[in-house]
Amino acid sequence: MKPRNLSSSVLALGGIILMGLGLYFIFIRPPLLPEDPRYIGTTVAEIQATMPGLLIWLSRVFWVMGGYIFTTGLLTVYMAVTALQQLARGARFVVALAGLSSIGWMAVVNFMIDSDFKWLLLAFNLPWIVALVVSWRESRQT
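Residues numbered from 1 in each chain as written. Predicted model: local features only at pLDDT ≥ 70, side-chain atom pairs only at ≥ 80, totals over all residues. Heavy atoms only, no water.

Enquirer: Describe the overall build of the protein, and please don't skip the residues or the numbers.
Expert: If you tally the helices and strands in the protein, you get eight helices and zero strands. When the helices and strands of the protein are placed in sequence order, the string is α-α-α-α-α-α-α-α. C-alpha atoms of the protein, sized along the principal axes, occupy 65 × 25 × 20 Å. When contacts within the protein are restricted to residue pairs at least 6 apart in sequence, those whose partners lie at least 24 apart make up 75%. Put simply, the protein has 10 plus and 6 minus side-chain charges, and the middle of one group is 19 Å from the middle of the other. (Helix = DSSP H or I, 4+ residues; strand = E, 2+ residues; numbered from the N terminus. Contact = heavy atoms within 4.5 Å. Lys, Arg positive; Asp, Glu negative; His and termini not counted. Charge placed at Lys NZ, Arg CZ, Asp CG, Glu CD.)

Here it is in structure tokens:
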């Protein structure tokens, strides 16, 4: 099903971004980014020496997390081409809550830890915000 209005298309883009982010976490993301040891005040060598299984465990945690991120994106795309497009009752609320509790919260935490990726993750929130604003405007025009 193809989105028929701008708000649905923009929200679908947000879902696709999340799906890509999920695939990144599953297939590409290393167990530790350069910012991780820096944030906790140690080195990768010290981590490997004191906790030899940590990097393997973190890889598996990120596989699981990536699966959840991908699924959130998939469900967001589905919401975009169904409920938001038809403006089903509560659709905007669900879209707003999903954006806040997924990529929104990820961006907040990345600002808390001063991540190198905080601004990129904040930018990934724009499709949700734009989709909600445009959806509201579209509904007022009909």
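Back to the text.
Enquirer: Break down the packing of helix α1 (residues 6–27) against helix α8 (residues 126–141) for me, with residues and values.
Expert: Here α1 crosses α8 at 165°, and the two axes come no closer than 8 Å. By the angle between their directions, the pair α1 and α8 is classed as roughly antiparallel. Where α1 crosses over α8, the two elements pack in a sense that is left-handed. Two secondary-structure elements touch here, α1 through Leu6, Ser7, Val10, Leu11, Gly14, Gly15, Ile17 and Leu18 and α8 through Pro127, Trp128, Val130, Ala131, Val134, Ser135 and Glu138. In the contact of α1 with α8, the residues fall into 10 nonpolar, four polar and one charged. (Axes fitted to C-alpha atoms, helices over the stretch in contact; angles between N-to-C directions. Parallel < 35°, antiparallel > 145°, perpendicular 65-115°, else oblique. Left-handed = near helix turned anticlockwise from the far one by under 90°. Nonpolar A, V, L, I, M, F, W, Y, C, P; charged D, E, K, R; others polar.)

Enquirer: Explain helix α6 (residues 91–112) to me, using residue names and the numbers behind them.
Expert: Compared with an ideal rise of 1.5 Å per residue, which puts 22 residues at 32 Å, α6 spans 30 Å between its outermost C-alpha atoms and is within 8% of the ideal. Within α6, the axis deviates most sharply at glycine 104, by approximately 45°. Here the buried face of α6 lies against α1, α2 (35–40), α4 (54–81), α5 (83–86), α7 (118–123) and α8. Looking one or two residues beyond α6, the residue adopting positive phi is aspartate 114, at roughly 55°. (Expected span 1.5 Å × (residues − 1). Bend = angle between axes of the 7 residues up to and from the residue.)

Enquirer: Describe α1, with residues and values.
Expert: With 22 residues, α1 extends 31 Å between its outermost C-alpha atoms, agreeing within 8% with the 32 Å of an ideal straight helix rising 1.5 Å per residue. Within the span of α1, buried status applies to Ser7, Ser8, Val10, Leu11, Ala12, Gly14, Gly15, Leu18, Met19, Leu21, Gly22 and Phe25. At its buried positions, α1 is contacted by α4, α5, α6, α7 and α8. (Buried < 20%, exposed > 50% of the residue type's maximum accessible area, 1.4 Å probe, protein only.)

Enquirer: Could you give an account of the pattern of salt bridges, naming the residues involved and the relevant values?
Expert: In this structure the tally under the stated criterion is three salt bridges. Residue arginine 29 pairs with aspartate 36 through a salt bridge whose shortest N-O separation is 3.6 Å. You can call aspartate 36 buried: its relative accessible area is 18%. Where arginine 38 meets aspartate 116, a salt bridge forms, and the shortest distance between an N and an O atom there is 2.9 Å. Note that arginine 38 is positioned in helix α2 and aspartate 116 in the loop between α6 and α7, a separation of 78 residues in sequence. Overall, arginine 38 belongs to the exposed group, its relative accessible area being 52%. (Salt bridge = Lys/Arg side-chain N within 4 Å of Asp/Glu carboxyl O.)

Enquirer: Kindly report on the environment of glycine 14, identifying the contributing residues and their values.
Expert: Position of glycine 14 relative to the elements: it lies in helix α1. A relative accessible area of 0% means that glycine 14 is categorised as buried. In sequence terms glycine 14 and asparagine 125 are 111 residues apart; their C-alpha atoms lie 7.5 Å from each other. Once you skip the residues sitting within four places of it in the chain, glycine 14 turns out to touch Pro127 and Trp128.

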